[in-house]
Amino acid sequence: MDIFIKGLGNISPLPASENENQIISNISNNSYLKCIEPDYKQFINPAMARRMSRILKMGVSAAKMCLADAKVEVPDAIVTATGLGCIEDTEKFIINIIQNDEKLLPPTSFIQSTHNTIGAQIALDLKCHNYNITYVNRGSSFEAGLLDSMMLLNEKEAQNVLFGSVDEITPNYLKIINRLGLYRNNRLMFPHQNKHIPILPGEGSAFFLLTSENSSENYAQIVAATTFFNPENQDETESQISDFLQKSKIKKSELDLIILGINGDGLLNEGYHRLMESYFRDMNFCAFKHCCGEYFTAVSFAVWMAARILKTGVVPEEIRLNAFGNVSPRKILIYNHYHNLEHSLILLSK
């Protein structure tokens, strides 16, 4: 069964642009990329918002943006994905345990600290009693949720699925990843633009209304998606890509654009560069992590970006890794990996 993206909702570190075909990379003076948050009163009752953590407000608002865009009130299923869940609430509860000597602990942070709180809050807000599940699987959390959403539609368990991911960054988490030496001096080179752009830790919330109904209002078609874990070498990676394209009945030459999860880390990005220089030689490449940062579910931003490109037919100059002329992509392949462990391939079509 064909699966389409009917609606989009996105909250990210991406600055707004008056031109919907333009993407402005967010070059921050901080050590991470923080989401540019909307006026939540547009989406959430202010009385409720006061009791909600930041990640909850981001998730509920992005989901409502998506539903409004798709003109759907209540979906047949809600699928969410997250790498860290409500990490800020988890930190608050742990800090309260320490500071209060395990006595008189306020329960709110504990109640809102579970990973499925976001999906549950969306369902409560929409009064949706349908299928609801959350996937937490490190760097492949988004892909696991996407595959489940696609199965729901293929098996006709649902006609439309609200699917999305949310991850946030906190000062304490930032301290930990800095101590581990992650994302230090990661800079991505854009040769044709003659500039280096830093790749920083980030966060974001992106939601998609997936449907089996074909319509001219849809953004894109999701042709296929897959994951693979910790390939032994570059040959295995290329073999996985070849098998994926063959099963999708797509020739390599039919790909108009390839979006890579390249993040400026020399060791982690070696595989991306080898693909660009050999397997995908002389093709059109784009990057996305200079816009949203690196985090567990960052590939959701790439899917959002690809859907917009397929809808508008315009590839923003700001994301191009190499110089290529005007092209209106019909088929886009997204290849991403998280620390060279969880790898994923997502194929979208106009």
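To keep things clear, this report deals only with the structure shown in the data block.

1. A word on the side chain of Glu91
Mapped onto the fold, Glu91 is located in helix α3 (residues 87-99). The charged side chain of Glu91 is buried without a salt bridge, its nearest counter-charge being Lys92 at 8.9 Å. Setting aside residues no more than four positions away along its own chain, Glu91 makes contact with Thr170, Asn172 and Tyr173.

2. With respect to the environment of Tyr183
By the secondary structure assignment, Tyr183 is in the loop between α7 (171-179) and β5 (187-190). A relative accessible area of 9% places Tyr183 in the buried class. The residues contacting Tyr183, other than those within four sequence positions of it, are Ile177, Ile199, Pro201, Asn263, Glu294, Tyr338 and His339.

3. Section: the packing of aromatic side chains
Within this structure, the stated rule accounts for seven aromatic pairs. One aromatic cluster is present, formed by Phe142, Phe163 and Phe208 through successive ring pairs. One residue, Lys252, lies across the ring of Tyr279, its end atom 3.9 Å from the ring centre. Seen from the ring of Tyr219, Lys311 lies directly overhead, with NZ or CZ sitting 5.4 Å from the centre.

4. Some thoughts on the state of the cysteines
Taken as a whole and assessed by the stated rule, the structure comprises zero disulfides. Considering cysteine sulfurs only, Cys128 is the nearest to Cys66, which forms no disulfide, with 13 Å between them. Cys286 takes part in no disulfide bond, and the closest cysteine sulfur to it belongs to Cys291, at a distance of 9.9 Å.

Cut-offs and rules
Each chain carries its own residue numbering, running from 1 in the written order of its sequence. With pLDDT at 70 or above as the cut-off, local features in this predicted model cover only qualifying residues; side-chain atom pairs require 80 or more to be listed or tallied, and sums for whole chains, interfaces and linings still use all residues. Processing note: side-chain calculations cover all non-hydrogen atoms of the structure and skip hydrogens and water entirely. Counting from the N terminus, the helices are DSSP H or I runs at least four residues long and the strands are E runs at least two residues long. Only protein chains enter the accessibility calculation, which uses a 1.4 Å probe; a residue is then buried when its area is under 20% of its type maximum, exposed when over 50%, and partly exposed in between. Counted as positive: Lys and Arg. Counted as negative: Asp and Glu, with His and the chain ends omitted from the count. Each reported salt bridge corresponds to a side-chain nitrogen of Lys or Arg within 4 Å of a carboxyl oxygen of Asp or Glu. Should any heavy atoms of two residues lie within 4.5 Å, those residues are considered in contact. Stacked, tilted and edge-to-face pairs are distinguished by plane angle, under 30 degrees for stacked and over 60 for edge-to-face with tilted covering the rest, among Phe, Tyr and Trp rings (Trp via its six-membered ring) whose centres lie within 6.5 Å. The rule for a charge over a ring is simple: NZ of Lys or CZ of Arg within 6 Å of the ring centre, and within 35 degrees of the ring normal. Disulfide: a pair of cysteine sulfur atoms within 2.5 Å of each other.

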